[in-house]
Amino acid sequence: MKKQIGFGSLCVQEPEERRYTRPHQLPIYAASSFAFDSIEEGMNVFLGNQPGHIYSRFGNPTIDAVAEKIAQLEAHGAGLEATALLTSSGMAAISTLLLGLLKSGEAILTQGNLYGGATALFRDVLQPLQIGYHAVNLAQLDEAERLLRENGNIRLLYYETPANPTLDCFDMAALAELGHKYNCIVVADNTFATPYLQKPLQSGADFVIHSTTKYLNGHGNSVAGAIVGKNEELMQEAILPKLKLLGANCNSWDAWLVHNGLKTLEIRMERHCHNARRLAEWLEQNPRVETVNYPGLPSHPGHALARRQMKDFGGMLSFELKGGLEAGKKFMNRLKLCTLTPTLGDVDTLVLHPASMSHISVPREVRLQYGITDGLVRISTGIENTEDIIADVEQAMEG
Ligand SMILES: *Cc1c(COP(=O)(O)O)cnc(C)c1O
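The rules we used
- Residues numbered from 1 in each chain as written.
- Predicted model: local features only at pLDDT ≥ 70, side-chain atom pairs only at ≥ 80, totals over all residues.
- Heavy atoms only, no water.
- Buried < 20%, exposed > 50% of the residue type's maximum accessible area, 1.4 Å probe, protein only.
- Helix = DSSP H or I, 4+ residues; strand = E, 2+ residues; numbered from the N terminus.
- Pairing = 2+ DSSP bridges.
- Right-handed = clockwise from strand over helix to strand, strands pointing away.
- Arc of directions from axis to C-beta.
- Near = heavy atom within 4 Å.
- Polar contact = N/O pair within 3.5 Å; in protein donor to acceptor, adjacent residues only side chain to side chain.
- Areas by Shrake-Rupley, 256 points an atom, 1.4 Å probe, with all protein chains shown as cover.
- Nonpolar A, V, L, I, M, F, W, Y, C, P; charged D, E, K, R; others polar.
- Phe/Tyr/Trp six-rings, centres within 6.5 Å; stacked < 30°, edge-to-face > 60°.
- Lys NZ or Arg CZ within 6 Å of the ring centre and 35° of its normal.

S.K.: Can you help me understand the pairing of strand β5 (residues 185-189) in this one?
M.R.: Sheet faces and side chains relate simply in a regular strand, where the side chains alternate between the two faces. In terms of residue burial, β5 counts as a mostly covered element, since four of its five residues are buried. In the sheet, strand β4 (residues 154-160) pairs with β5 via five bridges, with the strands oriented parallel. Bridge assignment links Leu156 to a residue of β5, and that residue is Ile185. Each parallel crossover has a hand, and for β4 linked through helix α7 (residues 172-181) to β5 it is right-handed. Relative to strand β6 (residues 207-211), β5 runs parallel, the two being bridged by three bridges. By the bridge assignment, Ala188 is partnered in β6 with Val208.

Given below as structure tokens:
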């Protein structure tokens, strides 16, 4: 008879891996590391001569499967190959990518109305490391080109379209062409649009970053991010080593939640777009409303461009009531179905007041330059029945 191990050892022992049948759904690998059958196998995996996993900070089967899905979605129908890495947040995706690509003395060209966290990262983390940035209106290509011509150290062009919260749109193909003319790496934050609506890699960008926290997960129950790139050498040699050292990795639970959300991305986006368009049209003809920003409205300055480079116009809109800040505050406090919260892209309708929430650290004069007035209200339109969203907005305006 085989000698029995002690009770305590039995408690600790991992069951032998028994693969009965293939799981129908992606399992969550809650394993910090992976075991090798021999020292030779371990060496080969470490050297990259044999596929395999080592340590979950470097990747694991759940995380890698979800990264691959996001890369495939960004490359879909574009006749190109891409790979992806998942990160602990959208901010981790941005910081890892930029620290992987840039060194001290180099600089970034970007837009003024960037996601607030990205602007703060450029200013408070990268600038002290002597990685500078120039913020311009990227719709003015001449001005952007002047900066590129005059600052030979600009190595990277970073854009977001549509931009928060006025939904300004920028020409992805023109920006990629301009960036490449001056030897820049072109990076797009595709969080607002998702690959369902637009594919920056196909329009020339070298990298896409995501806050998967938003539409890709879609259910408001996970924080994570992704870096997608079409240059495999840069991904493997510049980005992945930085991700490992910064410890910016995603975990398998959050990756799994993103994976679950991705399954319904297309049908969610169709409904988000439908509801946002109906709501924007309703708001635009409402006498209490001063302005509506939605790329799907012919009155929006980015409408023609959005029609050209996007499949539909997205789920985000913003508007201002007549009566400015006071009217806006009353409106937000009276909402019942819609929730006041500083995120976006969830299945339910979310409302935010940029001046007091997402853009509170931006000086008022700067904010106003980008149309972020005191009374502006941002809506992330959910997938509820359209008439219920409109009824809630209507009762909150009238109350
Ligand atoms: C939320 C967001 C980010 C940051 O993502 P986190 O997951 O919160 O770190 C970056 N870009 C855009 C456009 C966002 O909306």
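S.K.: What is the right way to look at the sheet that holds strand β9 (residues 316-321) in this model?
M.R.: To summarise the sheet geometry, strands pair through backbone hydrogen bonds and adopt either a parallel or an antiparallel arrangement. Taken in spatial order, the five strands of this open sheet run β8-β9-β12-β11-β10, and their pairing is mixed. On the outer flanks of this sheet lie β8 (289-293) and β10 (339-340), each paired with one strand and no other. Taken together, the four bridges between β8 and β9 define a ladder with antiparallel strand orientation. When the bridges of β9 are listed, Asn293 appears paired with Ser318.

S.K.: Teacher, can you tell me more about helix α6 (residues 141-150) here?
M.R.: Side chains of residues three or four places apart in an α-helix project in the same direction, reflecting 3.6 residues per turn. Buried within α6 we find Ala144, Glu145, Leu147 and Leu148. Looking straight down α6, one finds its buried side chains confined to an arc of 160 degrees; they lie on one side. Exposed residues lying more than 90 degrees from the buried face of α6 are Asp142, Arg149 and Glu150.

S.K.: Whenever I open this one, the site of the ligand confuses me. Can you help?
M.R.: What surrounds the ligand is a group of 13 residues, the closest being Met91, Asp189, Ser211, Thr213 and Lys214. The separation between an oxygen atom of the ligand and a polar side-chain atom of Ser211 is 2.8 Å. The side chain of Lys214 places a nitrogen or oxygen atom 2.8 Å from an oxygen atom of the ligand. Look at the ligand: alone it shows 380 Å² of surface, and the protein chains cover 92% of it. Looking at the shell around the ligand residue by residue, the classes come out as five nonpolar, five polar and three charged.

S.K.: Just checking my understanding: could you explain the packing of aromatic side chains for this structure?
M.R.: One pair of aromatic rings is described through two measures. These are the centre distance and the angle between the planes. Across all of its chains, the model carries six aromatic pairs by this definition. A ring pair is formed by Tyr55 and Phe58, whose centres lie 5.7 Å apart and whose planes are at 75 degrees; its orientation type is edge-to-face. On the numbers, 5.5 Å between centres and 85 degrees between planes, the contact of Phe122 with Tyr158 is edge-to-face. Of this pair, Phe122 sits in helix α5 (residues 116-126) while Tyr158 sits in strand β4; the two residues are 36 residues apart in sequence, bridging distant segments of the chain. Residues Phe122 and Tyr158 agree in their burial class; the two are buried. Note that Lys244 overlies the ring of Phe58, its terminal NZ or CZ placed 4.6 Å from the centroid.

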